[in-house]
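Here are the chains, one letter per residue:
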There are 2 protein chains.
Amino acid sequence: MTPSTAAVLVVGSEVLSAKVVDANGPYLIKRLRDLGVELTALHVVPDRVDAIVEVLLAARRRADWVITSGGVGPTHDDLTVPAVARALGVGLRRDERMARVLREMHARHHPGAEFPEVALRMADLPEGTELLGDPEFPTLVVSRIVMLPGVPSFLRHQFQAVSHLFHGAPFHLACLYFRWGEDRLAVPLAAVAEAHHAVEVGSYPRFDESDYRVKVTVEGRDREEVGAAARAVLAAVPPEALVRTEGLDR
Amino acid sequence: MTPSTAAVLVVGSEVLSAKVVDANGPYLIKRLRDLGVELTALHVVPDRVDAIVEVLLAARRRADWVITSGGVGPTHDDLTVPAVARALGVGLRRDERMARVLREMHARHHPGAEFPEVALRMADLPEGTELLGDPEFPTLVVSRIVMLPGVPSFLRHQFQAVSHLFHGAPFHLACLYFRWGEDRLAVPLAAVAEAHHAVEVGSYPRFDESDYRVKVTVEGRDREEVGAAARAVLAAVPPEALVRTEGLDR
């Protein structure tokens, strides 16, 4: 089973214009990592069809899945669904099951009130869209694009309900904390990264009062490889440069 | 003076792999908005030259400025500067002024210690790069690409030092809070958005215990236009649907 990759696309003029701090991107980053899915990119784009289509097409070339956040409601600034249809080159079609879901939802929340026909805009979906997850509040999925709502609690509910779609081997992470600066670690780290392609070696300096100056991370899906690369870093740097390690069996 | 547009490019495998929650994107979003700069997109990409180049080229087509965060240090995973050179089709060249800055910085922080030659990798810059802002900790700018460091305090310092480069008319924002849901507001909002192209009309529903169900935002650079569009919304919706307004002279 090949571990899957994903890109996240936050559709949100309100984020880019500093009216709202996005909470959905950080949530999805964390959840996808826990599921063993490698994230290829995260994009925040405005509520404009052309901007959404361009980034969606680019994201699909690099990732198995694209997960969108926002822009699925009934108002003029909800443009994710038509943008997905355009990117896929398919039409929008009234989905009768989704129309029924919307009518039932409205009846539950507003008993006796007339159903507003404009809400049916939310049932006009790209051809081929599947309604997965919770039947009463389904997640929209088409051609490996998952269209989640922007309201954070709804996004989480709809993501959780389809999280079985994403699969990956878990990631293993070892952290090495050094009192040396990056300029003294750069050469050994480059050599280890070059020799251990199955892992990612990251180097993160600090310039504050913490007890270390650089945190080196070694991460990958194979625990043995992670251990081997982390030990190779330790072998290449004098022991007095090391403050401590985390996640490393020695 | 045409107000400028910008895209933000966070280079950070550590963000995509959920090891760090990005603070630089939200900071730049807020600061650029305060400066009157319209943000066209924010992208988070991994520490890979091909991924950085692809998003950089796409971002440049839509924005006057691209501001990058991270990937400018001396280690193997610092790839923003070579990626910018490749995107621009120019070479990397040792910048003697930057080399001097690095030597002086090292001498200040590590008096008497030998200068590590590997740090000079940070002086290999895309041809044409200007060193702007603080002469002791300069901001790297080339062809309207601003390359900021990933350490948040350094990023803020280097951004502040060149913030005069960005100019825009300030944005004006009016907020209208309604007790009606989006399904009843969708039609009047679409009509107002259609008739008032100089402003952005946003609609943000809530589903919690707050005193309103939808926040409508009207935003633009022209205060008169913002007021006119906001009043057009109010004229199209019965007064009993309104909870309150903010930022609107009436």
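Residues numbered from 1 in each chain as written. Chains lettered and ligands numbered in written order. Predicted model: local features only at pLDDT ≥ 70, side-chain atom pairs only at ≥ 80, totals over all residues.

(A) Just the overall build of chain A, in detail. Helix and strand counts for chain A stand at eight helices and twelve strands. The principal-axis extent of the C-alpha atoms belonging to chain A is close to 75 × 40 × 35 Å. Taken over 250 residues, chain A has a buried fraction of 44%. (Helix = DSSP H or I, 4+ residues; strand = E, 2+ residues; numbered from the N terminus. Buried ≥ 20, exposed ≤ 12 C-beta atoms within 10 Å, placed from the backbone.)

(B) Just the sheet that holds strand E1 (residues 5–11) of chain A, in detail. Taken in spatial order, the twelve strands of this open sheet run E6(A)-E7(A)-E8(A)-E3(A)-E1(A)-E2(A)-E2(B)-E1(B)-E3(B)-E8(B)-E7(B)-E6(B), and their pairing is mixed. Where the open sheet ends on each side, the last strands, each with one partner, are strand E6 (130–132) of chain A together with strand E6 (130–132) of chain B. Going across the sheet, the axis of each strand differs from the next one's by a mean of 20°, ignoring polarity. Pairing geometry for E1(A) and strand E2 (residues 38–45) of chain A, over seven bridges, is parallel. (Pairing = 2+ DSSP bridges. Axes fitted to C-alpha atoms, helices over the stretch in contact; angles between N-to-C directions.)

(C) A look at the packing of helix H2 (residues 24–34) of chain A against helix H6 (residues 152–160) of chain A. Residues and elements named next belong to chain A. Look at H2 against H6: their axes get within 10 Å of each other, and the N-to-C directions meet at 25°. For the element pair H2 / H6, the angle class is roughly parallel. H2 and H6 meet at a crossing whose hand is right-handed. Here H2 contributes Asn24, Tyr27, Leu28 and Arg31 to the contact with H6, which in turn contributes Pro152, Leu155, Arg156 and Phe159. (Parallel < 35°, antiparallel > 145°, perpendicular 65-115°, else oblique. Left-handed = near helix turned anticlockwise from the far one by under 90°. Contact = placed C-beta atoms within 7 Å.)

(D) Molecular detail of the interface of chain A and chain B. Listed as interface residues are 47 residues of chain A and, on the opposing side, 47 residues of chain B. Contributions of two or more residues to the side of chain A that touches chain B are made by helix H1 (13–16), H2, E2, helix H3 (49–62), helix H7 (182–195), strand E10 (200–205) and strand E11 (214–220) of chain A. Top element by residues in the side of chain A that touches chain B is H7(A). It accounts for nine residues. Of the residues contributing to the side of chain A that touches chain B, the split by class is 27 nonpolar, nine polar and eleven charged. Here E2(A) runs beside strand E2 (residues 38–45) of chain B; their pairing, made up of three bridges, is antiparallel. Its bridge partner being in E2(B), Val44(A) is matched across the sheet by Leu42(B). (Nonpolar A, V, L, I, M, F, W, Y, C, P; charged D, E, K, R; others polar.)

(E) Structural detail: the relation of the copies chain A and chain B. Once chain A has been moved 0.0 Å along the axis and rotated by 180°, it coincides with chain B to within an RMSD of 0.0 Å. Taken together, the rotation and translation relating the two chain copies correspond to the operation of a two-fold axis. It is His43(A) whose C-alpha, among those of chain A, lies nearest the rotation axis, at 2.2 Å. Interface overlap between copies: 100% of the residues of chain A at the interface are likewise at the interface in chain B, consistent with a symmetric, same-surface contact. (Least-squares fit on C-alpha atoms with pLDDT ≥ 70 in both.)

(F) The domain arrangement of chain A, seen in detail. Looking at the assigned domains, one finds that chain A contains domain 1 (5–165) and domain 2 (172–246). Computed over C-alpha atoms only, the centres of domain 1 of chain A and domain 2 of chain A are separated by 39 Å. (Domains from an automatic or database assignment.)

(G) Structural detail: the sheet that holds strand E9 (residues 172–178) of chain A. Residues and elements named next belong to chain A. In space, the four strands of this open sheet follow the order E10-E11-E9-E12, with antiparallel pairing throughout. Only two strands of the sheet have a single partner each, and these edge strands are E10 and strand E12 (242–246). Neighbour to neighbour, the strand axes of the sheet diverge by 15° on average, direction disregarded. Looking at chain direction, E9 and E11 are connected through seven bridges and run antiparallel. Its bridge partner lying in E11, Ala174 is registered against Val218. On the sheet, H7 packs against E9, E10 and E11 and is oriented at approximately 175° with respect to E10.

(H) Broad picture of helix H6 (residues 152–160) of chain B. All names here are of chain B. Of all the positions in H6, only Leu155, Gln158 and Phe159 are classed as buried. Angularly, the buried residues of H6 cover 100° about the axis, an arc narrow enough to put them on a single face. Those residues of H6 that are buried are in contact with helix H2 (24–34), strand E3 (65–69), strand E7 (139–142) and strand E8 (145–148). (Arc of directions from axis to C-beta.)

(I) Highlighting the environment of His43(B). Considering the arrangement of structural elements, one finds His43(B) in strand E2. Residue classification places His43(B) among the buried residues on the basis of 27 C-beta atoms within 10 Å. The sequence separation of His43(B) and Glu240(B) amounts to 197 residues, and the corresponding C-alpha distance is 42 Å. Other than its neighbours up to four places away in sequence, His43(B) contacts Ala41(A), His43(A), Leu9(B), Val10(B), Val55(B) and Ala59(B).

(J) A look at the environment of Leu79(A). All names here are of chain A. Looking at the element boundaries, Leu79 is found in the loop between strand E3 (65–69) and helix H4 (80–88). As for Leu79 and Ile52, which are separated by 27 residues in sequence, their C-alpha atoms are 8.4 Å apart. Once residues within four sequence positions are removed from consideration, Leu79 is found in contact with Asp47, Arg48, Val49, Ile52 and Gly71.

(K) Expanded view of the pairing of E3(A). Residue and element names in this part refer to chain A. A large share of E3 lies buried, amounting to five of its five residues. Residues Trp65, Ile67 and Ser69 point to one face of E3 and Val66 and Thr68 to the other, with burial holding for every one of them. By the bridge criterion, five bridges tie E1 to E3 in an arrangement that is parallel. Note on E3: the bridge partner recorded for Ala7 is Val66.

(L) Main features of the environment of Met105(B). Mapped onto the elements of the fold, Met105(B) is located in helix H5 (residues 96–109). Expressed as a C-alpha distance, the spacing of Met105(B) and Phe137(B), which sit 32 residues apart in the sequence, is 8.3 Å.

(M) Seen up close, the nonpolar core. Counting 95 residues, the largest nonpolar core has Ala6(A), Leu9(A), Ala6(B) and Leu9(B) as the members making the most contacts within it. Beyond its immediate sequence surroundings of up to four residues, Ala6(B) is in contact with Leu32(B), Val37(B), Leu39(B), Thr40(B), Ala63(B), Asp64(B), Trp65(B), Ile67(B) and Phe166(B). (Core = buried A, V, L, I, M, F, W, Y, C linked by C-beta atoms within 7 Å.)

(N) Spotlight on the pairing of E9(A). Pairing analysis gives four bridges linking E9(A) to E12(A), with the strands arranged antiparallel. Residue pairing across strands places Cys175(A) opposite Glu246(A), the latter belonging to E12(A).

(O) The arrangement of the packing of helix H7 (residues 182–195) of chain B against helix H8 (residues 223–236) of chain B in detail. Residues and elements named next belong to chain B. Taken N-terminus to C-terminus, the directions of H7 and H8 make an angle of 150°; their axes are 9 Å apart at the nearest point. Relative to H8, the element H7 lies roughly antiparallel. For the pair H7 and H8, the sense of crossing is right-handed. For the pair formed by H7 and H8, the contact residues are Pro188, Leu189, Ala191, Val192 and Ala195 on the first element and Ala229, Ala232, Val233 and Ala236 on the second. Tallied by class, the residues present in the contact of H7 with H8 amount to nine nonpolar, no polar and no charged.

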